[in-house]
Amino acid sequence: MKGLQGCLVTGTDTEVGKTLVSSTLVHWLTTRGLRAAGYKPVASGMEQATDGRWYNDDVMRLHAAGSADIPPGLIGPFQFRVACAPHIAAALEQRPIDRMALVSGAHVLGGLVDRLVIEGAGGLRVPLGEDWDSADLMVDFDLPVVLVVGMRLGCINHALLTADVLAQRGLRLAGWVANSVHADMPYLEENFHTLQAFLEREHQTPCLGRIPPLGQAGPAAAVEHLDAARLRRVFALDSGDCTE
């Protein structure tokens, strides 16, 4: 089986901006002339549209950012209606999460595009089955990792613990994104510079960008706050791969 090309996106917690960053990375790739898609292996929480169909907002946002006409079902193979931890949602629906199906789905989707952006559920250690979690699945995918840090109280501890576990699992932390989830976070600059120093010193990991509060704005606005040169290294792009 051919290896995947792209990156994994994880976060310091839930609701820190993983989908915003993931869809922005997909958008950035498409604007460079590459075929790209997002992949959300497991998603919890669905809403019903006016036509009666159920959808997950994260999956639809990734779908909208992609360049290829790919059915949402390929982007989000395991979608659950209840907004709770994935293994609990799976138990409620009596539909166990199939690890091999998730890996196979990534390779099917990866074969249709040039680069794949895989977004995890919640944080790094979210259980997906009785004896495996999101970090185990990330090892299966074997891609560089982008860490989304929600800039709020406690983010330093959460980010450094996540980086340590990634290293323990043999996963490469290729970069991190500071996402301002609270516009009025006290000592924002001090927190950012502390994270920047520790992650650079302990994990040789650069900051890929700082996203300010954007309200309802999406990838087209967020992409302006990311470092294109550093993103090229994350996605292993050389001058012949894409246009500037």
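Refer to the preceding data block for the structure.
Residues numbered from 1 in each chain as written. Predicted model: local features only at pLDDT ≥ 70, side-chain atom pairs only at ≥ 80, totals over all residues. Heavy atoms only, no water.

(A) Local environment of helix α5 (residues 99–110). Helix length check: α5 (12 residues) gives 17 Å between terminal C-alpha atoms against 16 Å at 1.5 Å per residue, within 8%. For α5, the elements touching its buried residues are β2 (36–39), β3 (42–44), α3 (72–75), β6 (78–80), β7 (115–123) and α6 (134–141). (Helix = DSSP H or I, 4+ residues; strand = E, 2+ residues; numbered from the N terminus. Expected span 1.5 Å × (residues − 1). Contact = heavy atoms within 4.5 Å.)

(B) Main features of the packing of helix α7 (residues 155–168) against helix α8 (residues 188–203). Where α7 contacts α8, the axes come no closer than 10 Å and their chain directions differ by 15°. Between α7 and α8, the angle falls in the class roughly parallel. Of the two possible hands of crossing, α7 and α8 adopt the one that is right-handed. Along the contact surface, α7 presents Cys155, Ile156, Ala159, Leu160, Ala163, Asp164 and Ala167, while α8 presents Asn191, Thr194, Leu195, Phe198, Leu199, Glu202 and His203. (Axes fitted to C-alpha atoms, helices over the stretch in contact; angles between N-to-C directions. Parallel < 35°, antiparallel > 145°, perpendicular 65-115°, else oblique. Left-handed = near helix turned anticlockwise from the far one by under 90°.)

(C) The arrangement of the pairing of β2 in detail. Covered by surrounding structure in β2 are Ala36 and Gly38 together with Ala37 and Tyr39, the residues of both alternating faces. In the sheet, β2 pairs with β7 via 4 bridges, with the strands oriented parallel. Looking at β7, one finds that glycine 38 is bridged to valine 117. (Buried < 20%, exposed > 50% of the residue type's maximum accessible area, 1.4 Å probe, protein only. Pairing = 2+ DSSP bridges.)

(D) Summary view of the packing of aromatic side chains. Tallied over the entire structure, the rule returns 4 aromatic pairs. Between tryptophan 28 and phenylalanine 235, the aromatic rings sit 6.1 Å apart at their centres with planes inclined by 25°, giving stacked as the arrangement. Placement of the pair is tryptophan 28 in helix α1 (residues 18–31) and phenylalanine 235 in the segment after α10 (228–234), with a sequence separation of 207 residues. The exposure classification of tryptophan 28 matches that of phenylalanine 235, with both residues buried. Aromatic side chains phenylalanine 78 and phenylalanine 80 sit 6.4 Å apart centroid to centroid with 45° between the ring planes, which places their arrangement in the tilted category. The same class applies to phenylalanine 78 as to phenylalanine 80, namely buried. Across from the ring centre of phenylalanine 198, 4.5 Å away, lies the NZ or CZ of arginine 201, which sits over that ring. Positioned above the aromatic ring of phenylalanine 192, the side-chain terminus of arginine 210 is 3.9 Å from the ring centre. (Phe/Tyr/Trp six-rings, centres within 6.5 Å; stacked < 30°, edge-to-face > 60°. Lys NZ or Arg CZ within 6 Å of the ring centre and 35° of its normal.)

(E) Quick look at the packing of α5 against α6. Between α5 and α6, the least distance of the axes is 10 Å, while the angle of their chain directions is 40°. Between α5 and α6, the angle is such that the two are oblique. In the crossing of α5 with α6, the sense of the turn from one axis to the other is right-handed. Two secondary-structure elements touch here, α5 through Arg99, Leu102, Val103 and Ala106 and α6 through Asp136, Leu137, Asp140 and Phe141. Counted by class, the contact of α5 with α6 contains 5 nonpolar, no polar and 3 charged residues. (Nonpolar A, V, L, I, M, F, W, Y, C, P; charged D, E, K, R; others polar.)

(F) The sheet that holds strand β10 (residues 207–211), seen in detail. Read across the sheet, 6 strands follow the order β2-β7-β1-β8-β9-β10 without closing on themselves; strand pairing throughout is parallel. Two strands close off the open sheet at either side, each with one partner strand: β2 and β10. Averaged over all neighbouring strand pairs, the angle between strand axes comes to 20°, with direction disregarded. Strands β1 (6–11), β2, β7, β8 (145–150), β9 (173–179) and β10 of the sheet are contacted by α1, whose axis makes an angle of about 175° with β7.

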